[in-house]
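Tertiary structure, described
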Amino acid sequence: MKAVCSQKGWKVDQEILKEERAILKQIARKFTNFEKKRQGLIPILQMVQAELSYLSPEALNMVAGYLEISKSEVYGVATFYNQFRFQPPGKHPVKVCLGTACHVRAGDIILENFERKLKICEGETSDDREFSLERVACVGCCALAPVAVIGETVHGHMAPSKVEGLILRIAIEKEMQAREKQKNESGQS
Ligand code: FES
């Protein structure tokens, strides 16, 4: 599965990296609010996630450095708890329901289609941070199964053929917003 869907490249947008570096600096300053004790690990991880929205490898290394404990210990604790995420959230989080009602109506095929079209596997985020993809249990709209949720919008009666259209719609909206912004900026100058 991974080999088919995960085609993430190495190129993450420079602006995103710059933004993340700035947040990591703020995080480093906030470490001093916490005692340098092993017991402080979870609250520190929570603070990091609140600031950065996820636990990046760099952030985890920084935590290990501050607490003077091994990186593997930090990883071990962080991966034990469901509350922590290790992939940045996409601007458009896609959740595909694989609860019972959706599963029997081929929700897994919908998920595979999103994986193929977005070129990421379930649990990953696209390099441009536009989309993240995850499977979820029942979202409470079983009558509409199979269901996918993009951002806050529930898309019921999903079919593999609808996947590309939904992604395209978001890309078009983004393009329109960019043009609108450009138009406003050139109008102001
Ligand atoms: S099982 Fe998918 S909405 Fe209930």
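Owing to the predicted nature of the structure, the values given are computational and were not obtained by experimental measurement.

1. Looking at the overall build of the protein
- Across its full length, the protein holds eight helices and four strands.
- Listing the helices and strands of the protein from first to last along the sequence gives α-α-α-α-α-β-α-α-β-β-β-α.
- Oriented by its inertia axes, the alpha-carbon framework of the protein measures out at about 55 × 55 × 30 Å.
- Within the protein, the proportion of its 189 residues that are buried is 38%.
- By sequence separation, contacts in the protein at least 24 residues apart represent 65% of the contacts at least 6 residues apart.

2. Describing the packing of helix 3 (residues 41–52) against helix 5 (residues 71–80)
- Contact geometry of helix 3 with helix 5 gives a least axis separation of 11 Å together with a crossing angle of 75 degrees. In terms of their interaxial angle, helix 3 and helix 5 are classed as roughly perpendicular. In this structure, helix 3 uses Leu 41, Ile 42 and Leu 45 to contact helix 5, whose residues at the interface are Val 74, Val 77 and Ala 78.

3. Quick look at the domain arrangement of the protein
- Taken domain by domain, the protein holds domain 1 (12–80) and domain 2 (92–188).
- Averaged C-alpha coordinates put domain 1 and domain 2 at centres separated by 29 Å.

4. A word on the packing of aromatic side chains
- Enumeration over the complete set of coordinates arrives at three aromatic pairs.
- With a centroid separation of 6.4 Å and 90 degrees between ring planes, the pair formed by Tyr 81 and Phe 84 is classed as edge-to-face.
- With a relative accessible area of 34%, Tyr 81 lands in the partly exposed category.
- By way of ring pairs, the aromatic residues Phe 80, Tyr 81 and Phe 84 are connected into one cluster.

5. Concerning a nonpolar patch on the surface
- Together, Leu 168, Ile 172 and Met 176 make up a nonpolar patch on the protein surface, roughly 310 Å² of accessible area in all.
- Here Ile 172 lies in helix 8 (residues 160–188).
- Residue classification places Ile 172 among the partly exposed residues on the basis of a relative accessible area of 46%.

6. With respect to the packing of helix 2 (residues 14–30) against helix 3
- Running from amino to carboxyl end, helix 2 crosses helix 3 at an angle of 150 degrees, the nearest separation of the two axes being 10 Å. Relative to helix 3, the element helix 2 is oriented roughly antiparallel. Considering only the axes of helix 2 and helix 3, their crossing is right-handed. Contact residues: Glu 20, Ile 23, Leu 24, Gln 26, Ile 27 and Lys 30 in helix 2; Met 47, Val 48, Glu 51 and Leu 52 in helix 3.
- Here the residues of the contact of helix 2 with helix 3 sort into six nonpolar, one polar and three charged.

7. Observations concerning a negative patch on the surface
- Taken together, the side chains of Asp 13, Glu 15, Glu 19 and Asp 128 present a region of like negative charge at the surface.
- Structurally, Asp 13 is set in the loop between helix 1 (2–5) and helix 2.
- In this structure Asp 13 comes out as partly exposed when scored by relative accessible area, which is 40%.

8. Some words on the sheet that holds strand 4 (residues 153–155)
- Strands sit in the order 2-1-3-4 across an open sheet of four strands; the sheet is mixed. The sheet is open, and its two edges are formed by strand 2 (131–136) and strand 4, each paired on a single side. Across the sheet, the axes of successive neighbouring strands diverge by a mean angle of 20 degrees, strand direction being ignored.
- The pairing of strand 1 (residues 92–97) with strand 2 spans six bridges and is classified as parallel. Counted as the bridge partner of Val 96 is Arg 135 from strand 2.
- Against the sheet, helix 7 (residues 107–118) makes contact with strand 1, strand 2 and strand 3 (148–150), and its axis sits at roughly 150 degrees relative to strand 1, the strand it touches most.

About the criteria used
Residues numbered from 1 in each chain as written. Predicted model: local features only at pLDDT ≥ 70, side-chain atom pairs only at ≥ 80, totals over all residues. Heavy atoms only, no water. Helix = DSSP H or I, 4+ residues; strand = E, 2+ residues; numbered from the N terminus. Buried < 20%, exposed > 50% of the residue type's maximum accessible area, 1.4 Å probe, protein only. Contact = heavy atoms within 4.5 Å. Axes fitted to C-alpha atoms, helices over the stretch in contact; angles between N-to-C directions. Parallel < 35°, antiparallel > 145°, perpendicular 65-115°, else oblique. Domains from an automatic or database assignment. Phe/Tyr/Trp six-rings, centres within 6.5 Å; stacked < 30°, edge-to-face > 60°. Patch = residues over 30% accessible without salt bridge, like charges linked within 9 Å, V, L, I, M, F, W, Y side chains within 5 Å. Areas by Shrake-Rupley, 256 points an atom, 1.4 Å probe, with all protein chains shown as cover. Salt bridge = Lys/Arg side-chain N within 4 Å of Asp/Glu carboxyl O. Left-handed = near helix turned anticlockwise from the far one by under 90°. Nonpolar A, V, L, I, M, F, W, Y, C, P; charged D, E, K, R; others polar. Lys, Arg positive; Asp, Glu negative; His and termini not counted. Charge placed at Lys NZ, Arg CZ, Asp CG, Glu CD. Pairing = 2+ DSSP bridges.

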